[in-house]
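Architecture at a glance
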Amino acid sequence: MAAQRGRGSGRGGSARGGRASGGRGAQQSAGVDFRAVEASPLVLLKGPEDYVATRATDRIKAQLRAEQPDLEYTRLDVANAAVGELATLASPSLFGEARLILAEDLAQMNDTFLAEALAFLEEGGDDVTIIFRHSGGNRGKKLLDVLAKKAVVVDCSAAKSDTDKLDFVRREFRAADRSIQPDAARALVQAAGTSLSDLGGACQQLLRDIPGEVTEDDVDRYHGGRVEATAFKVADAAFEGRGEAATRLYRHAVATGVSPIAVTAALAGKGRHIAALVDHRGSADRLASALGAPPWQLRQAQETARRWQSHRAAEAIEAVAQADAEAKGASRTPEYAVEKAIGIVAAAAGR
């Protein structure tokens with residue numbers, strides 16, 4: 001049998017009799033926050049972000065088990081589902097335990113599961129909760145359309161930008177009825193924003209260990225080594241004219257696995273912002289919209305831009321472009337090429 005059936009580990013559980021009405025699922029088709037999702041007979045985790053899907057699944061499992069500790073939890077392999085498997089798993093158990101079924105990776109489901117899932121949604125069932133996980137693609141669109149009307153839909157969209165990650169951090173703290181300073185949130189994204197899993201873990205650590213509002217000093221204390229090793233910190237120091245600090249941060253970044261190309265990308269981005277701000281007299285937010293950049297990045301760069309002149313900014317951008325080309329193959333010593341550019345940028349600041 002393709003499913004792995006047994007007692008699920010978790011903190012809570014319950015029985016849920018009957019099927020969810022179409023109205024409730026339809027009202028939430030845009031996607032509810034995983035932090036607020038409530039156990040329901042039908043749940044659709046929609047989107048590619050595994051961390052969010054796992055958090056939502058764990059929350060539902062905990063709620064169900066809290067109500068009925070003998071919850072029976074099953075992970076169903078929908079790519080290899082056998083004929084009648086879903087119906088068997090969803091049928092009333094011998095001792096009447098509540099059941100939770102996780103049907104993962106609908107994008108890979110076979111035709112057998114697709115047909116049986118559609119039939120199940122048409123007929124309904126008792127005392128069973130089914131979580132459907134769809135990470136993307138067009139496979140099974142008919143099933144997704146039905147679930148969008150009948151199920152609670154949880155938004156598992158990927159965090160693609162720093163703005164998305166900042167929003168994630170703010171929501172984590174808001175959900176815990178806590179606050180984090182804006183600079184601290186940005187520092188945390190730079191320190192632990194490689195993946196949502198890392199960022200979520202960092203948020204939970206700070207929430208657990210720091211009483212009251214979380215500050216940038218708190219983030220630096222817990223994640224300072226990672227913060228200082230980022231390409232963005234190198235770019236900030238270079239364009240602020242702190243050449244020695246920029247070089248030190250760059251060497252540390254490279255030593256801890258940061259690619260020289262990542263550093264040139266950060267330098268180039270910072271350079272574009274500085275060049276755009278040098279002669280700009282309007283709103284940074286409007287300029288951010290024109291550049292397609294997060295407004296906070298432009299606001300953060302405004303003070304630095306005051307010490308730059310247009311022709312110096314152009315020289316810095318040219319030096320970074322040259323270093324980028326060398327880092328991508330035009331030089332046998334890409335690390336040195338980027339370090340040289342950092343020195344040129346830092347020396348041009350304030351001149």
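My aim in this report is to walk through the structure given alongside it, one point at a time. Remember, predicted model here, so these are calculated numbers, not experimental data. All residue numbers refer to position in the chain's written sequence, counted from 1. Given that the model is predicted, a residue must reach a pLDDT of at least 70 before its local features are reported, and side-chain atom pairs must reach 80 or more before they are shown or counted; all residues, however, enter totals for whole chains, interfaces and linings. Note that water and hydrogens are dropped before the side-chain values are worked out from all heavy atoms of the structure.

**What to know about the pairing of strand β5 (residues 128-134)**
We call a residue buried when its accessible area falls under 20% of the maximum for its residue type, exposed when it is over 50%, and partly exposed in between, using a 1.4 Å probe and counting protein chains only. Runs of E in the DSSP output that reach at least two residues are strands. Runs of H or I that reach at least four are helices, and both are numbered from the N terminus. The element β5 is extensively covered by neighbouring structure, given that 7 of its 7 residues are classed as buried. Where burial is concerned, the two faces of β5 agree: the one with V128, I130, F132 and H134 and the one with T129, I131 and R133 are both buried. Criterion used throughout: strands pair if DSSP finds at least two bridges between them. The pairing of strand β2 (residues 42-46) with β5 spans 5 bridges and is classified as parallel. What sits directly across from L42, in β5, is I130. With 5 bridges joining them, strand β4 (residues 99-104) and β5 adopt parallel strand pairing. Within β5, the residue paired with L102 across the bridge is I131.

**Focus: unusual backbone geometry**
Of note, the phi angle at D105 is positive, near 55°, even though the residue is not glycine. Relative to the helices and strands, D105 is located in the loop between β4 and α4 (111-123). A positive phi angle, near 60°, is found at D177, a position not held by glycine. Overall, D177 belongs to the exposed group, its relative accessible area being 70%.

**Some words on the pattern of salt bridges**
Salt bridges are defined as contacts in which a side-chain nitrogen from Lys or Arg sits within 4 Å of a carboxyl oxygen from Asp or Glu. Scanning the entire structure with this criterion turns up 18 salt bridges. One salt bridge connects R35 with D33, and the closest N-O pair in it is separated by 2.8 Å. Its salt-bridge partner being R242, residue E240 comes within 2.9 Å of it at the nearest N-O pair. According to the relative accessible area criterion, E240 is partly exposed, its value standing at 25%. Ionic contacts of the salt-bridge type, sharing partners, join the residues D33, R35, R55, D167, R171 and E172 into one network.

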